[in-house]
Amino acid sequence: MTIFASETDADGIATITWDLPDRSMNVLTEEGIAELEAAFDAALADPAVRGIVLTSGKADFAGGMDLGVLAKMKTRAGDDPARGLFEGTMAMHRLLRRIERAGMDPRTHKGGKPVAWASPGISAGIGTEIGLACHRRFLADDPRAGVGLPEILVGLFPGAGGTTRLTRMIGVMAAAPVLLEGRMLDAQAARSAGLIDEIVPARDLIQNAKDWVLAAQPADLVKPWDAKGYKMPGGAPYHPAGFMTFVGAAAMVHGRTQGVYPAARAMLSAIYEGALVPFDTALTIEARWFTSVLMNPSSEAMIRSLFLNKQALEKGALRPAAPDQKVAKLGVIGAGMMGAGIAYAAARAGIEVVLVDRDQEAADRGRAHAEGLLDEAVKRKKTTPEQREAVLARIAATPDYAALAGCDLAIEAVFEDPGVKAEATARAQEHLPEDAIFATNTSTLPIGELARAGRDPANFIGIHFFSPVHKMALVEIIRGAATSDRAVAKALDFVRQIRKTPIVVNDARFFYANRCIIPYINEGVRMLAEGVEPALIENAARQLGFPLGPLQLVDETSIDLGVKIAKATRAAMGDAYPESPADGVLFKLAELGRLGRKAGAGFYAYDEKGKREGLWPELRDLWPPRPDQPALTEVQHRLAMIQTLEAVRALEQGVLTDIREGDVGAILGWGFMPWSGGPFSWLDMLGAARAVEICDGLAAAEGPRFEPPALLREMAAGGETFYGRFQPAEAA
Ligand code: NAD
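None of the values given here were measured: they were computed from a predicted structure.

Caption draft 1: Representation of the packing of aromatic side chains. In the structure shown here, the tally under the stated rule is 13 aromatic pairs. Pairing Phe157 with Phe290 gives two aromatic rings, centres 5.6 Å apart and planes at 80°, and the pair type is edge-to-face. A residue pair is termed long-range when its members are at least 10 positions apart, and Phe157 in the loop between strand E9 (146-148) and helix H5 (162-170) and Phe290 in helix H11 (residues 279-294) qualify at 133 residues. The same class applies to Phe157 as to Phe290, namely buried.

Quick look at the structure:
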C-alpha cells in the first residue's frame, strides 16, 4: 500500500498512517478510500491487533476530499449520475460505520477494537469526518492545528456522515457555526466545542493515542447514538427545547443565505429530518440530500469557481514564462488607507517594506495601521507578540524617497490625481534600481497614461487592491499595452507571496471589477430617482445573494467618491457620457453632507457610534416612491444584468482574456451572487437565449444600456455556453 501504511507494534496496536505520495497535504482519492478500507479490514480481522491509531505522515492530517472522486462517481454511473453519487456516498457511509463499530457485537456492543484518531495539524472536510467516526480524537498542541468542516464555503456540505455525526454529538446550536459557516476551529475551540477530546504535545501525539487504546474499556467505544436511551443534545425537533432550536436555526440560515444557497438548505433539511429517525436512516437521508446538492448546477458552478479555478489562478495558471520574480524588498509610496494595507499584507508575508509618505507623521500613521491590526490579532490569539514584533520590524516608515533604493517592486498608492501620481512616480524612480517593477494601485486612471511618468513602460503595471486590503482576497493586475511579461510575472509572484487571488486584465477604463461595480451602483441609485422603494432595491439585491445592496455599497465606499468618479468620467468621455438620473441623487446627498458611512449619514441612517440603523427615512420625501412599484424579479433582473452584460463586454473587448478570471474576480471582488459561480457561470445556467430575451425586454423598457452585446446574441443563436466555448484547454 502506498497511501495508507499499517504497522503493528509489540503491544498489538496497529498504527495506520495516511501519507499521499507527491503531495504536501493529504486529500482522499479513490485509491485512498480503497486502501483505507483494506487497512482497517485487515486490522479488525487480525487477532493480534488490539486497537488502532489512525494518523498522518505529514504535518497535517488532511485537507479534504479530492473533488475528482465526486466527478468519477457521477460519470461512472453513465446516464444516471445521481445514482452513482448516491451509491458512492452510501459506500463511504458503510466504511465509516464499520470503523465506528470496530467489530463489536451489534447487541452487546462488546468485542470492538478501540480506534484513536491523532492529527498533527490541520484537518478539514473528509479528514474530520473520518475522525468523527473514530472513538477518541487527539490533536497536537500546535498553533497551526485546526479542525473544521468547510464544505459549505464551496457550495457543498459534509456528506460523509459529518453532518449527522456532529449534530448528534454536540447538538444543532453548537454544530451550527462549524457546519453552516464552515469555520475552522483552533485546538482550544475544537476541544470546547467537543470536536476533539484531547490536546497533547506534538511529540507525544502517537504515544498518547496508544496509551488510550491500551486502557480503553468496551463502553468507551460505543457512540452515544448507538447506546440505549440516546437523546440529542439540545433536543430533537419535537422536544420543547429542540423546537426552539430548529425554528431559530432555520431562521438564522435563511437570514444569512436568503435561501439562495442550495447546500445550506439541504444541510438543514438533512439535520432536521435526520434528527427524527434512527442513526443509520439519518445517514441515508444525508446521502440523498448530498446527492441533490451535487446534482444542483449551483454547486457545480461554485466548486468550479471557488475551488478549482480559484486554486488554478493562485497557482499561476496564467503566469507568463519568466524566472522566479519573488519580491525581496517592497516600496510603497503613499501610506494612506490602501498603502498602509498593502505594506501590512507584505510584511506579514515576510517581505521587507519601505513605506514612504509626504512627511514622517503621515508615514508613521500608515505603520500604525499595521500595529492596530497586529494588536487585534494578538488579542484574538491569531498572532504571538513575537510575530507582531517581527512583522513591524519589517516596515520602515519614512518621508525619504532615497530609502526606496534596493526595492525590486514599488507600488504607488498616493492620491487619485494624475499630477500627484506622476510626481511621486518620477521621484521614486530616481532611487529605484534600473530593473525594478513599478506598479500603481489606481482604481480609475488608465495604466498607459500613468506609465508616461515612469522610466520604462515595459516595467510599469497596475496592481489594484480592494479595500480593506487585509480582508479582501482579490488583486486585479492590469497589463498596459507596453507592460512586459516579466512585470506580469512579478505582480503574480507578489500576489502569491501575500496569499491572495490574482486576475490579470488588460488596460481599459475602470479595468474589470470597477467597470462592473459602477453600473450596479448606478442602476440601484437610478431606480431610487425613478421612484422605486429604496427597501425594494436593497432587498432585491440581498435576495440575489449580494452581500450589500447598491445603496449600502455607495455608503460604504463613500458618496463623494461616487461624485468624483461621475465628474471625472463625464470630463473624460465628453458627449459620449451616458447621462443618468443617478448622478443627481449622488450630487444631492453630497450637497446635504450625507457622504456615507464615514460621515455617519448617507442613504442609511447611523447612530452616534456609527452603527447602521436603517434606510434614511427622508429618502422617500426627496424621491417619492411611485404608486406602481415594479415586481421583485424586474428589479433583480436590472441589478444582475447591468453588471453581467458589462462582464460580457469586458470579455468581448479583450479586457478579460479568461472567463475563469471573470467569474472568480466577480465573486471575490464584489460579492457577485456567489451561488451562481460568477457572471459567466450564471449566464450558462440561465442559457444565452433566455439571457438575450430578458435583456431585450429590459432594453425596450429601460433603454439601450441593456442591449445584449453581439457576442451574447451570437451564442444564443448557436446554443453555446461560455464554459463550452471559452474554457481554457488545460482546465477542460
Ligand atoms: P488616501 O488618501 O487614504 O492615501 C493617500 C496617501 O498618499 C496619503 O497618506 C497622502 O499623504 C499620500 N501622498 C500624497 N501625495 C504623496 C506624495 N507625493 N508622496 C508620498 N505620499 C503622498 O487614499 P487611498 O484611499 O489609500 O487611495 C490611494 C490610491 O489607491 C488611489 O489611487 C486610489 O484610487 C486607489 N484605490 C483606493 C481604493 C479605496 O477603496 N480607497 C481601492 C482601490 C484603489
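The structure having been displayed, the exposition proceeds.
Caption draft 2: Molecular detail of the pattern of salt bridges. Applying the stated rule across the entire model yields 52 salt bridges. Across the salt bridge formed by Glu100 and Arg97, the nearest N and O atoms sit 2.5 Å from each other. A residue pair is termed a helical-turn pair when its members lie 3 or 4 positions apart in one helix, as Glu100 and Arg97 do in helix H3 (residues 81-101) at three residues. Here Asp226 ties to Arg97 by a salt bridge, and the two come within 2.8 Å at their closest N and O atoms.

Caption draft 3: Quick look at the sheet that holds strand E13 (residues 352-356). Within the open sheet, the eight strands sit side by side as E14-E13-E12-E15-E16-E17-E18-E19. Their pairing is mixed. One side of each edge strand has no neighbouring strand; the edge strands of this open sheet are strand E14 (395-398) and strand E19 (501-506). Between one strand axis and the next, the sheet turns through 25° on average, direction left out of account. Bridge count between E13 and E14: four bridges; the pairing is parallel. Each residue of the ladder has a partner; that of Val356, found in E14, is Thr398. Of the strands in this sheet, strand E12 (329-333), strand E15 (409-412), strand E16 (437-440) and strand E17 (460-465) touch helix H16 (residues 418-429), which is tilted by about 160° from E16.

Caption draft 4: Expanded view of a nonpolar patch on the surface. On the surface, Tyr238, Tyr272 and Leu276 cluster together to form a nonpolar patch covering roughly 330 Å² of accessible area. Looking at the secondary structure, you find Leu276 in the loop between helix H10 (262-274) and H11.

Caption draft 5: Expanded view of the sheet that holds strand E4 (residues 51-56). Ordered in space as E1-E2-E4-E6-E8-E11, the six strands form an open sheet in which the pairing is mixed. One side of each edge strand has no neighbouring strand; the edge strands of this open sheet are strand E1 (4-8) and strand E11 (198-200). On average, adjacent strands in this sheet sit at an angle of 20° to one another, irrespective of strand direction. Relative to strand E2 (residues 13-18), E1 is paired through five bridges, and the arrangement is antiparallel. The residue bridging Glu7 from the neighbouring strand is Thr15, located in E2.

Caption draft 6: Spatial organisation of unusual backbone geometry. Look at the link from Ser467 to Pro468: it is a cis peptide, with omega at -5°. Here Pro468 shows up in the loop between E17 and strand E18 (474-479). Backbone geometry places Lys381, a non-glycine residue, at a positive phi of 60°. Even without a glycine there, the phi angle at Arg499 is positive, about 55°. Within the fold, Arg499 resides in the loop between helix H18 (485-497) and E19.

Caption draft 7: Region of the structure containing the site of the ligand. Close to the ligand lie 21 residues; Met338, Asp357, Tyr401, Glu416 and Lys421 are nearest. At 3.0 Å, a backbone N or O of Met337 approaches an oxygen atom of the ligand. Interatomic distance of 3.1 Å between a side-chain N/O atom of Arg358 and an oxygen atom of the ligand. Protein coverage of the free-state accessible area of the ligand, which is 830 Å², stands at 81%. Those elements that place two or more of their residues in the shell around the ligand are helix H13 (337-348), H16 and E17. Its residues placed into classes, the shell around the ligand shows 10 nonpolar, seven polar and four charged.

Caption draft 8: Looking closely at the packing of H5 against H11. Two numbers describe how H5 lies on H11: the axes approach to 9 Å, and their chain directions differ by 135°. The angle between H5 and H11 places the two elements in the oblique class. Contact residues: H5 offers Gly162, Thr163, Thr164, Arg165 and Arg168, while H11 offers Phe279, Ala282, Leu283 and Glu286. The residue inventory of the contact of H5 with H11, partitioned by class, reads three nonpolar, three polar and three charged.

Caption draft 9: Here's a closer look at the side chain of Glu523. For Glu523, the position within the fold is in helix H19 (residues 513-529). Overall, the relative accessible area of 2% leaves Glu523 in the buried class. Apart from the residues within four sequence positions on either side, Glu523 is in contact with Arg638, Leu639, Ile642, Arg705 and Phe706.

Caption draft 10: Local environment of helix H14 (residues 360-379). Relative to the 28 Å expected for 20 residues at 1.5 Å per residue, H14 spans 28 Å between its end C-alpha atoms, a close match to the ideal helical length. Residues Ala362, Ala363, Gly366, Ala370, Leu373, Leu374 and Ala377 constitute the buried set of H14. Each buried residue of H14 sits inside an arc of 145° when the element is viewed along its axis, so together they form one side. Exposed residues on H14 whose side chains face more than 90 degrees from its buried face are Glu361, Arg365 and Lys379. Those residues of H14 hidden inside the fold are in contact with H13, E13, helix H15 (385-393) and E14. After H14 finishes, the residue Lys381 shows a positive phi value of roughly 60°.

Caption draft 11: A look at the state of the cysteines. Enumeration over the complete set of coordinates arrives at zero disulfides. Here Cys695 stays unpaired: no disulfide links it, and the sulfur of Cys516, its closest cysteine neighbor, is 14 Å away. Residue Cys695 is classed as buried on the basis of its relative accessible area, which comes to 0%.

Caption draft 12: Up close: the environment of Gly366. Relative to the helices and strands, Gly366 is located in helix H14. Using a relative accessible area of 2% as the deciding quantity, one classes Gly366 as buried.

Caption draft 13: Quick look at the packing of helix H22 (residues 559-573) against helix H23 (residues 581-591). Two numbers describe how H22 lies on H23: the axes approach to 9 Å, and their chain directions differ by 130°. Relative to H23, the element H22 is oriented oblique. Note that H22 runs across H23; the crossing there is left-handed. Contact with H22, carried on its side by Ile559, Gly562, Val563, Ala566, Lys567 and Arg570, involves Asp583, Leu586, Phe587, Leu589 and Ala590 of H23 and no other residues of that element. For the contact of H22 with H23, the per-class residue count stands at seven nonpolar, one polar and three charged.

Rules behind the numbers
- Residues numbered from 1 in each chain as written.
- Predicted model: local features only at pLDDT ≥ 70, side-chain atom pairs only at ≥ 80, totals over all residues.
- Heavy atoms only, no water.
- Phe/Tyr/Trp six-rings, centres within 6.5 Å; stacked < 30°, edge-to-face > 60°.
- Helix = DSSP H or I, 4+ residues; strand = E, 2+ residues; numbered from the N terminus.
- Buried < 20%, exposed > 50% of the residue type's maximum accessible area, 1.4 Å probe, protein only.
- Salt bridge = Lys/Arg side-chain N within 4 Å of Asp/Glu carboxyl O.
- Pairing = 2+ DSSP bridges.
- Axes fitted to C-alpha atoms, helices over the stretch in contact; angles between N-to-C directions.
- Contact = heavy atoms within 4.5 Å.
- Patch = residues over 30% accessible without salt bridge, like charges linked within 9 Å, V, L, I, M, F, W, Y side chains within 5 Å.
- Areas by Shrake-Rupley, 256 points an atom, 1.4 Å probe, with all protein chains shown as cover.
- Near = heavy atom within 4 Å.
- Polar contact = N/O pair within 3.5 Å; in protein donor to acceptor, adjacent residues only side chain to side chain.
- Nonpolar A, V, L, I, M, F, W, Y, C, P; charged D, E, K, R; others polar.
- Parallel < 35°, antiparallel > 145°, perpendicular 65-115°, else oblique.
- Expected span 1.5 Å × (residues − 1).
- Arc of directions from axis to C-beta.
- Disulfide = S-S within 2.5 Å.
- Left-handed = near helix turned anticlockwise from the far one by under 90°.

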